[in-house]
Amino acid sequence: MKNMNLRLYLVTDENCMPPGRDLFHAVEEALQAGVTLVQYREKNGLGRSMLEKAIALRRLCHRYNVPLLVNDRLDIALLSGADGVHLGQDDIPVAEARRLADLFAVNNVAACQPDYETVTERASVHRMEAATTSQTAKPVLQTEKHFIIGATAHNVQEALAAEAAGADYLGCGAVFATNTKKDTVPLGLEGLRAIRKAVHIPIVGIAGITPKNYQQVLAAGADGAAVVSGILGADNITETVAAFLTGI
């Protein structure tokens, strides 16, 4: 797996997709178009279903040499063989997550990873889940790679604390108002600049970021942007990703 590239970071949310759009087809289209990192996020998902989806997404992302992270759920991230986890302020503390991830690696605890080579050809998640019962387990050990831990920061204080605790990068926001996160106060570009000046690890802006304001986020010091509905809810995912990356 190549090094973490935060330039255009896709965060999944099936609720923001148009009716009939398949999650795995959408993610693959975004990967083909050039997204550089994927985070699997499902706030109200059930453990077994989330693990199966994470395994499938991990295999899909790795075909394009792109890392997969899992939002909030350290257990799902470790068991699925994902490349890391992204933690919010109310999740397991970064230092504790690192300790658990290291213990997982040292003890060679492996996940059962079914072969989902044709997952994007399946018509639905339900068909994917039904197919898992006939697959052979393929363990992957976390000792083979550095486990990425990202953390959310809404202000300089949270950013400094996460960096000190050992976070690999910060997701900073909400940069702009967004319907995806309705309970947050926008950080704004000035807040993003303040965090950039305060910490040394990479940062990404999140929330309300579109091709039109993406360059402003980079100019404020971010290493990239995390985008949810701006990509998965777009009429044409390929054209939208291209617009982000080319500035056109």
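> Would you mind going over the overall build of the protein chain in detail, with residue names and values included?
On a plain count of helices and strands, the protein chain comes out with 10 helices and eight strands. For the protein chain, the proportion of its 248 residues judged to be buried stands at 52%. Counting only contacts in the protein chain whose residues sit at least 6 apart along the sequence, the fraction spanning at least 24 positions is 69%. In the structure as shown, the protein chain presents an accessible area of about 11,200 Å², 51% of it carried by carbon and sulfur atoms.

> Could you give an account of the pattern of salt bridges, with specific residues and numbers?
Between side chains of opposite charge, a pair can form as their charged atoms come close. Applying the stated criterion across every chain yields a total of nine salt bridges. Between R48 and E52 there is a salt bridge whose closest N-O contact spans 3.6 Å. Taken together, the residues R48 and E52, both in helix α2 (residues 47-63) and four residues apart, mark about one turn of the helix. Two residues, R99 and E96, come together in a salt bridge whose shortest N-O distance is 2.8 Å. Within this pair, R99 and its partner E96 are both found in helix α4 (residues 94-106), separated by three residues, close to a single helical turn. Its relative accessible area of 43% is what places R99 among the partly exposed residues. Shared partners join several salt bridges into a network, and the residues in it are E14, E42 and K53.

> Pulling in residues and values, what's your account of the packing of helix α1 (residues 23-33) against helix α10 (residues 237-246)?
Running from N to C, α1 and α10 point in directions that differ by 40°, and their axes come no closer than 9 Å. Relative to α10, the element α1 is oriented oblique. Handedness of the α1/α10 crossing: right-handed. Facing A26, E29, A30 and A33 of α1, the residues of α10 in contact are I237, T238, V241 and L245. The residue makeup of the contact of α1 with α10, split by class, is six nonpolar, one polar and one charged.

> Let's hear about helix α7 (residues 188-198): which residues, and what values?
When we look at burial in α7, the residues that qualify are G188, L189, G191, L192, I195 and R196. End-on view of α7: buried residues confined to an arc of 160°, all on one side of the axis. Pointing more than 90 degrees away from the buried face of α7 are the exposed residues E190 and K197.

The rules behind the values
- Residues numbered from 1 in each chain as written.
- Predicted model: local features only at pLDDT ≥ 70, side-chain atom pairs only at ≥ 80, totals over all residues.
- Heavy atoms only, no water.
- Helix = DSSP H or I, 4+ residues; strand = E, 2+ residues; numbered from the N terminus.
- Buried < 20%, exposed > 50% of the residue type's maximum accessible area, 1.4 Å probe, protein only.
- Contact = heavy atoms within 4.5 Å.
- Areas by Shrake-Rupley, 256 points an atom, 1.4 Å probe, with all protein chains shown as cover.
- Salt bridge = Lys/Arg side-chain N within 4 Å of Asp/Glu carboxyl O.
- Axes fitted to C-alpha atoms, helices over the stretch in contact; angles between N-to-C directions.
- Parallel < 35°, antiparallel > 145°, perpendicular 65-115°, else oblique.
- Left-handed = near helix turned anticlockwise from the far one by under 90°.
- Nonpolar A, V, L, I, M, F, W, Y, C, P; charged D, E, K, R; others polar.
- Arc of directions from axis to C-beta.

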